[in-house]
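Spelled out from the first residue to the last, the chains are:
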Amino acid sequence: MGSTITPIDATLGAVVTGLELARMDAATWKAVEQAFHEHAVLVFPGQDLTDDEQVAFASRFGDIELLAPDPELKAVAISNRKPDGSVMGAEEHRFKALRGNEGWHTDSSYMPLSAKASALSAQVVPSADGETEWADMRAAYDALDEGTRKRISGLSAHHSLYHSQARIGHEVETGAGYGYHTKGAPLRPLVKVHPVTRRPALYIGRHAYGIPGLDDTESEKLLSDLVDFACRPPRTYAHRWQPGDVVIWDNRCVLHRARPYNYSEVRVMRHTRVAGDPATELAPTHRDERARAYEPSTSNR
Ligand SMILES: [Fe+2]
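None of these values were measured; they are calculated from a predicted model. (Residues numbered from 1 in each chain as written. Predicted model: local features only at pLDDT ≥ 70, side-chain atom pairs only at ≥ 80, totals over all residues. Heavy atoms only, no water.)

1. Some words on the coordination of the iron ion
For a metal with four donors in a tetrahedral arrangement, the ideal angle between donors is 109.5 degrees, while six donors in an octahedron ideally sit at 90 or 180 degrees.
Part 1 of the reasoning: For the iron ion, the full set of protein donor atoms is His 105 (NE2), Asp 107 (OD) and His 256 (NE2), at a range of 2.2 Å.
Part 2 of the reasoning: In primary sequence terms, the donor set of the iron ion follows H-x1-D-x148-H. One end of the pair, Asp 107, is in the loop between α3 (93–100) and β5 (115–124); the other, His 256, is in strand β14 (residues 254–258), with 149 residues separating them in the sequence. Here the two residues Asp 107 and His 256 agree in accessibility, since each one is buried. (Donors = N, O, S within 2.8 Å, 3.2 Å for Na, K, Ca; no water. Helix = DSSP H or I, 4+ residues; strand = E, 2+ residues; numbered from the N terminus. Buried < 20%, exposed > 50% of the residue type's maximum accessible area, 1.4 Å probe, protein only.)

Set out below in C-alpha cells:
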C-alpha cells in the first residue's frame, strides 16, 4: 500500500495518508523522513497511536529528550485537565505554562541542547479552536530583504524560559519545572543552517532575548519585528485537531504556537520531544539572571 504525501497550501507542511505509523516498513519510513526534511511539518490524520507507539515513532528521528524526572516517561501530557478530572484555574503554574505555549517558539531553545523535532497527538480536543500553528523560518529567511539579512548575519540571541514566562507575567523559580534550570541561557545564532538540507532559517521566537552588541530595546525590537514578519501567510499553517491525529515538526527550522480555546473545556495532547544532535544543536551558555545560580552544563538532564 503506497502512502500519499499532499503538500499543504503554504510554504511548509504536508498531510500524509495511506500508512500506519505504528507499522511502517523501511521504504515507507524513508519516504516519511524525506518528506520531513522537505516539508518540515507532517500531519498524519487518524493514527490513534498508543503512548508506546508514539515514542517508537518519535525514536525513529533520534534520541528522546526527557521532559519529566521519570526517565521512563517519554510521552508527556500537555493538558489543562488535572488528575481529579477538573480543569486548571487561571492562576495555576501549569496553566500559565500552557498559556506561554501560545507565543511563537521552538522547543528547548532554552536548554543547552535544543530539540530536533517534536511529535504531538490529540487525545481530547475542545469543541472549537485550540489549533496548533506552525511558521516556516526557511521561507521567512528567504523573504528577508538584503539589508536585514546583512544586519542579522553574525548576531546571536540568548534563550530562556524564565525570560519568556516573565514576559507574560509569570515569574518562575528555579526547579519549578522543566526548563527552569541553572545551566545558563544558551546563546544561539539568529540564522541556523539546517544540518541536513543546509537551508538557512531564522532561529528566533519568544524564548530569545538579549542580543550581544545591541541594547535591550534594540534587541527586543529586532526580535519582535523578525517574528512579526516571519509568522504570516504564506508561511503559516494552523491545524484543527481531531482525536487520533499525529503531527511531527522540525524545531530546527519552524516556529509553532498553541491557539486559545475555551479553557473551561478539556484539551489533552500527548507530546514526545526528539533531542537535537550535539554537533549542531548544542550551544554555549551564559549566566541567566533570573535563575537561582549558574552551573554550566552541556547536558539537559
Ligand atoms: Fe512547544
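The structure having been displayed, the exposition proceeds.
2. Focus on the pairing of strand β13 (residues 246–250)
Part 1 of the reasoning: In terms of burial, β13 is largely enclosed, as five of its five residues are buried.
Part 2 of the reasoning: Across the two faces of β13 the burial is the same, with Val 246, Ile 248 and Asp 250 and Val 247 and Trp 249 all buried.
Part 3 of the reasoning: Here strand β3 (residues 41–44) runs beside β13; their pairing, made up of four bridges, is antiparallel. If you follow Val 43 over to β13, its bridge partner there is Val 247. (Pairing = 2+ DSSP bridges.)

3. A short note on the packing of aromatic side chains
Part 1 of the reasoning: As enumerated under the stated definition, the model contains nine aromatic pairs in all.
Part 2 of the reasoning: When the centroid spacing of 5.6 Å and the interplanar angle of 80° are considered together, the rings of Phe 44 and Phe 57 count as edge-to-face. Highlighted residues: Phe 44 in strand β3 and Phe 57 in helix α2 (residues 51–59), separated in sequence by 13 residues. Of the two residues, Phe 44 and Phe 57, neither departs from the other in class, the shared state being buried.
Part 3 of the reasoning: Cluster of aromatic residues (ring-pair linked, three or more members): Trp 29, Phe 36, Phe 44, Phe 57 and Phe 61. (Phe/Tyr/Trp six-rings, centres within 6.5 Å; stacked < 30°, edge-to-face > 60°.)

4. Notes on the sheet that holds strand β12 (residues 236–239)
Part 1 of the reasoning: The three strands are arranged β12-β6-β14 in an open sheet whose pairing can be described as antiparallel. Looking at strand neighbours, the two that pair on one side only are β12 and β14, the edges of this open sheet. The mean inter-strand angle of the sheet, taken between neighbouring strand axes irrespective of direction, is 20°.
Part 2 of the reasoning: As paired elements, strand β6 (residues 132–136) and β14 share five bridges and run antiparallel to each other. When the sheet's bridge partners are listed, Trp 134 is paired in β14 with His 256. (Axes fitted to C-alpha atoms, helices over the stretch in contact; angles between N-to-C directions.)

5. What about the sheet that holds strand β11 (residues 208–209)?
Part 1 of the reasoning: Taken in spatial order, the four strands line up as β11-β7-β8-β16 in an open sheet, and their pairing is antiparallel. In the strand order of this sheet, the two ends are held by β11 and β16 (285–286), each with one partner.
Part 2 of the reasoning: With three bridges joining them, strand β7 (residues 156–159) and strand β8 (residues 185–189) adopt antiparallel strand pairing. Each bridged residue has a counterpart across the sheet, and for Ala 157 the counterpart in β8 is Arg 188.

6. Some words on the pattern of salt bridges
Part 1 of the reasoning: Counted according to the given criterion, the structure contains 15 salt bridges.
Part 2 of the reasoning: In this structure, Asp 250 and Arg 252 form a salt bridge, with 2.9 Å as the shortest nitrogen-oxygen distance. For the pair shown, Asp 250 and Arg 252 are each scored as buried.
Part 3 of the reasoning: Salt bridges linked by common partners bring Glu 133, Arg 257 and Arg 259 together as one network. (Salt bridge = Lys/Arg side-chain N within 4 Å of Asp/Glu carboxyl O.)

7. Thoughts on the pairing of strand β2 (residues 14–17)
Part 1 of the reasoning: Burial of the side chains of β2 is restricted to one face: Ala 14 and Val 16 are buried, whereas none of Val 15 and Thr 17 on the reverse face is.
Part 2 of the reasoning: Note that strand β1 (residues 4–7) and β2 share four bridges and pair antiparallel. By the bridge assignment, Thr 6 is partnered in β2 with Val 15.
Part 3 of the reasoning: Hairpin connection from β1 to β2: six residues lie between these consecutive antiparallel strands, with Gly 13 at a positive phi of about 95°.
Part 4 of the reasoning: Here β2 runs beside β3; their pairing, made up of two bridges, is parallel. Directly across from Val 15, in β3, lies its bridge partner Val 43.
Part 5 of the reasoning: In this region the chain leaves β2, passes through helix α1 (residues 26–39) and returns to the parallel neighbour β3; the handedness of that crossover is right-handed. (Right-handed = clockwise from strand over helix to strand, strands pointing away.)

That's the geometry; what it means functionally is another story.
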